[in-house]
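Below, each chain spelled out in residue letters.
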Amino acid sequence: MKEDWRISDRALQIQKSAIHEMTRLSKEIEDVAFLSWAKPTSDTPEHIKEAAITAIKKGLVGGYSENAGLLELRKEIVKKLKKDNNVDADVSQLLVTIGAVEGLSAALMALVNPGDEVILPSPTYSTHIRQVILASGKPVLVPTIEEEGFIWDIDAVRDAVTPKTKAIMYCSPSNPTGAVFSEKHLRQLADVALDNNLMIITDEAYEYFTYDGHKHFSIASIPEMKRNVVSCFTFTKSYAMTGWRIGYLHADETLIPQITKAHIPFAICAPVVSQYAALAALQGSQDCIAEFREHYLSTRNLMCERLDTLSSVFEYQKPRGSYLMFPKILLKEGKDSTTFCKKLLKEAKVSTTPGIAFGPTGESHLRLSFCVPEEMINKAFDRMDIYFKE
Ligand SMILES: Cc1ncc(COP(=O)(O)O)c(C=O)c1O
């Protein structure tokens, strides 16, 4: 008999979030060195908070906005897409969403029929897998090439395409691996999509966080892809606005009304106070992005240096972007990443995320976040140094 007759097959297929489980377990232990979250630890810049307060005081935020989002905000997004993503957009091609995740979910609901296959890289952001399942689609996980920095294996993607494939979905820069898919690879991916009539759904949450000369490339900037791409963006990472729940999606103008059909029953519109905050974020100084990037670059370097001294325990690819990395666990016990991470938490008081949460090729790995203060990284590694050398 079914596990619980009240629950849909969609919901039953979804596994408990490993990140939330590690957070729950971490709370039971005092003074944990926490490297589990992909959440910026900085606070939202003052001018953004002030703009939200002003909008509240002016009585602008008590009602709904247009379903697609405030026109003023969409006009600013058009400018940003041109300037930073080389994408020629129009306000009719934009939908302001509740963070990137609502945009991704709404896009999948509008594009995917039950049983349609959606190709994802493995490892990938686990929310994407859940979003495909909730849209009654089938996630098809295609291994990436770890030795080359977890990049797409384009031949493997081509081989994974079947008559049921509807879309390819990815985030670059990547959560959890820190991979950055290059322009060259994304052009090849675009060819796969065009040759097979597939949609590409992107999550560009970490667009500004790339290092060592690696560049973020938006696949929507390829003119031939106009009808085949839905690109999702967010204010969460760029402006440290996690809790404001605000992002946006860009797609062909004929798709926006269809995606809006999914957006309305879930959201009606994105939170209006957050839309005013987002407007201020785009119109104001962009210095915070550069500051966050500098900080992540230095914490990435520190984390890599500390990992170098644990080379009998971990092997890693230096992240080219995002603020996450995905070392391989070389010890025998690492074959079961969940048990390994739970033990590390309990015995060394270091909270990480088991790699299996991010797809089958994530097993034997763990995810580490470097969007934390340097002291947190040092605390975690001081403890691991003792723990693994004992
Ligand atoms: C790849 C990726 N996409 C989306 C999100 C969440 O974005 P938002 O807060 O805009 O919904 C995260 C958060 O960790 C993420 O890592």
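Structure shown above.
Residues numbered from 1 in each chain as written. Predicted model: local features only at pLDDT ≥ 70, side-chain atom pairs only at ≥ 80, totals over all residues. Heavy atoms only, no water.

Undergrad: Looking at this model, I keep getting lost on the pattern of salt bridges. Mind explaining?
TA: As a working rule, side chains carrying opposite charge can pair if their charged atoms are close by. Overall, the coordinates contain 21 salt bridges when judged by the stated rule. Aspartate 84 is the salt-bridge partner of lysine 83, the closest N and O atoms lying 3.3 Å from each other. When its relative accessible area of 33% is taken as the criterion, aspartate 84 is described as partly exposed. Salt bridges here are not isolated pairs; linked through shared partners, they connect Lys16, Glu21, Arg24 and Glu28. (Salt bridge = Lys/Arg side-chain N within 4 Å of Asp/Glu carboxyl O. Buried < 20%, exposed > 50% of the residue type's maximum accessible area, 1.4 Å probe, protein only.)

Undergrad: What exactly am I supposed to notice about the packing of helix α11 (residues 287-308) against helix α13 (residues 374-389) here?
TA: At a minimum axis distance of 10 Å, the contact between α11 and α13 shows a crossing angle of 10 degrees. Relative to α13, α11 is oriented roughly parallel. Only Glu374, Ile377, Asn378, Phe381, Asp382 and Asp385 of α13 make contact with α11, whose side of the interface consists of Ser298, Thr299, Leu302, Met303, Arg306 and Leu307. Taken together, the residues that form the contact of α11 with α13 break down as five nonpolar, three polar and four charged. (Axes fitted to C-alpha atoms, helices over the stretch in contact; angles between N-to-C directions. Helix = DSSP H or I, 4+ residues; strand = E, 2+ residues; numbered from the N terminus. Parallel < 35°, antiparallel > 145°, perpendicular 65-115°, else oblique. Contact = heavy atoms within 4.5 Å. Nonpolar A, V, L, I, M, F, W, Y, C, P; charged D, E, K, R; others polar.)

Undergrad: Just to check I follow, could you spell out the environment of tyrosine 276 for this structure?
TA: Considering the arrangement of structural elements, one finds tyrosine 276 in helix α10 (residues 272-283). Taking the relative accessible area as the measure of exposure, tyrosine 276 reaches 16% and is therefore buried. Sequence separation between tyrosine 276 and leucine 60 is 216 residues, and the spatial gap between their C-alpha atoms is 8.9 Å. Dropping the residues within four chain positions of it, tyrosine 276 is found in contact with Ala51, Ala55, Leu60, Val61, Leu70 and Glu72.

Undergrad: Would you explain the packing of aromatic side chains in this entry?
TA: The way to describe two aromatic rings as a pair is by their centre distance and the angle between their planes. Tallied over the full model, the rule gives 18 aromatic pairs. On the basis of an interplanar angle of 40 degrees and a centroid distance of 5.6 Å, the ring pair of tryptophan 152 and phenylalanine 181 is categorised as tilted. Placement of tryptophan 152 in the loop between β4 (138-143) and α7 (154-160) and of phenylalanine 181 in the loop between β5 (165-171) and α8 (183-196) is noted, with a sequence separation of 29 residues between them. Like phenylalanine 181, tryptophan 152 is buried. Ring centres of phenylalanine 209 and tyrosine 296 lie 5.0 Å apart, and the angle between their planes is 90 degrees; this geometry places the pair in the edge-to-face category. A residue pair is termed long-range when its members are at least 10 positions apart, and phenylalanine 209 in the loop between β6 (199-203) and β7 (229-234) and tyrosine 296 in helix α11 qualify at 87 residues. Neither residue differs from the other here; phenylalanine 209 and tyrosine 296 are each classed as buried. Here the aromatic residues Tyr206, Phe209, Phe292, Tyr296 and Tyr323 are joined through ring pairs into a cluster of three or more. (Phe/Tyr/Trp six-rings, centres within 6.5 Å; stacked < 30°, edge-to-face > 60°.)

Undergrad: What should I look at first to understand the site of the ligand in this one?
TA: Surrounding the ligand, one finds 14 residues, the nearest of these being Ala100, Asp203, Tyr206, Thr234 and Arg245. Within the side chain of threonine 236, a nitrogen or oxygen atom sits 2.7 Å from an oxygen atom of the ligand. Between the ligand and the protein, one listed contact pairs an oxygen atom with a side-chain N or O atom of arginine 245 at 2.7 Å. By residue class, the composition of the shell around the ligand is seven nonpolar, four polar and three charged. (Near = heavy atom within 4 Å. Polar contact = N/O pair within 3.5 Å; in protein donor to acceptor, adjacent residues only side chain to side chain.)

Undergrad: Any chance you could explain the sheet that holds β5 here in plain terms?
TA: Spatial ordering of the open sheet is given by β2-β8-β7-β6-β5-β3-β4, a layout of seven strands whose pairing is mixed. Unpaired on one side and paired on the other, β2 (94-97) and β4 mark the two borders of the sheet. The sheet shows a mean angle of 20 degrees between the axes of neighbouring strands, taken without regard to direction. Relative to strand β8 (residues 247-251), β7 runs antiparallel, the two sharing five bridges. By the bridge assignment for β8, serine 231 is matched with histidine 250. Each of β5 and β6 touches α8; the most contacted strand, β5, lies at about 165 degrees to it. (Pairing = 2+ DSSP bridges.)

Undergrad: Just to check I follow, could you spell out the pairing of strand β3 (residues 117-122) for this structure?
TA: When a strand is regular, its side chains alternate between the sheet's two faces. Burial analysis of β3 places six of its six residues in the buried class, the great majority of the element. Where burial is concerned, the two faces of β3 agree: the one with Glu117, Ile119 and Pro121 and the one with Val118, Leu120 and Ser122 are both buried. Two strands pair when backbone bridges link them, and β3 and β4 are joined in this way by six bridges, in the parallel orientation. Within β4, the residue paired with valine 118 across the bridge is proline 139. Since β3 and β4 lie parallel, the crossover through helix α6 (residues 126-134) that links them has a hand, and here it is right-handed. (Right-handed = clockwise from strand over helix to strand, strands pointing away.)

Undergrad: Would you explain the state of the cysteines in this entry?
TA: Cysteine pairs can be linked by a disulfide, which is a covalent bond between their two sulfur atoms. Counting across every chain of the model gives zero disulfides. Looking at the unpaired cysteine 232, the closest cysteine sulfur is the one in cysteine 171, lying at 11 Å. Not part of a disulfide, cysteine 371 finds its nearest cysteine sulfur in cysteine 171, a span of 14 Å. (Disulfide = S-S within 2.5 Å.)

Shape descriptors only; they carry no functional weight alone.
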